[in-house]
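# Commentary on secondary and tertiary structure
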Amino acid sequence: MKHEFIPYEQALALKVQGFDDPCLAWYEINGSRLRPNATKVNLGTNQTNSNSDMVSAPLYQQAFRWFRKFDLYQEIQVDTTTYPKFTYHIVNSSGARIIGEYLYQTYEEAELECLKYLVNYI
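The structure contained in this document is the topic of the report that follows. No experiment lies behind these values; they were computed from the predicted model shown. (Residues numbered from 1 in each chain as written. Predicted model: local features only at pLDDT ≥ 70, side-chain atom pairs only at ≥ 80, totals over all residues. Heavy atoms only, no water.)

## Considerations on unusual backbone geometry
With a phi angle near 65 degrees, D71 is a residue other than glycine that sits in the positive phi range. Of note, D71 is situated in the loop between α2 (60-68) and β4 (73-78). Of the residues examined, D71 reaches a relative accessible area of 28% and is grouped as partly exposed. (Helix = DSSP H or I, 4+ residues; strand = E, 2+ residues; numbered from the N terminus. Buried < 20%, exposed > 50% of the residue type's maximum accessible area, 1.4 Å probe, protein only.)

Rendered as structure tokens:
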């Protein structure tokens, strides 16, 4: 299930940008361990980014949802005519394309590269 969470580097960048939504897990500040929130009662309710020793570990879907607050929407698309097959596009609510380039071998690779671009875009 670890692959459902965004990597430490992107989680840390989101923290710097102000992300502090409740998450199911968090990273130790050096990124060495992914840890679940401590209590089952509070699971997913702690804003750990307010703690300097922790970095919230959002799921990919949480990170992409957070970027929608900035009118940035991601699309992962399959190109049926070429290989590698996957690409991403970032658009705003009026449909204007922010970026869409490169082809990746896997959906997950395209998703991570899209996240990296969004983190650096804001």
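## Considering helix α3 (residues 107-121)
Its 15 residues give α3 an end-to-end C-alpha distance of 21 Å, which sits within 8% of 21 Å, the value for a rise of 1.5 Å per residue. Those residues of α3 that fall on the buried side of the exposure criterion are A110, E111, C114, L115, L118 and V119. (Expected span 1.5 Å × (residues − 1).)

## Let's talk about the side chain of Q10
Along the polypeptide, Q10 turns up in helix α1 (residues 8-16). Taking the relative accessible area as the measure of exposure, Q10 reaches 10% and is therefore buried. Non-local contacts of Q10, meaning those with residues more than four positions away in its chain, are made with L112, L115, K116 and V119. (Contact = heavy atoms within 4.5 Å.)

## Observations concerning the packing of aromatic side chains
With the rule as written, the count across this model stands at eight aromatic pairs. Summarising the aromatic geometry, the rings of Y8 and Y27 are spaced 5.6 Å apart at their centres and angled 80 degrees between planes, so their arrangement reads as edge-to-face. Taken together, the residues Y8 in helix α1 and Y27 in strand β1 (residues 25-28) connect sequence positions 19 residues apart. With respect to burial, Y8 and Y27 carry one shared label: buried. With centroids separated by 5.7 Å and ring planes inclined at 75 degrees, the aromatic side chains of F19 and W66 adopt a geometry described as edge-to-face. Of this pair, F19 sits in the loop between α1 and β1 while W66 sits in helix α2; the two residues are 47 residues apart in sequence, bridging distant segments of the chain. Per residue, the accessibility class of F19 equals that of W66, and both read buried. Here a set of aromatic residues connected by ring pairs shows up, and it is made of F19, W66, F67 and F70. (Phe/Tyr/Trp six-rings, centres within 6.5 Å; stacked < 30°, edge-to-face > 60°.)

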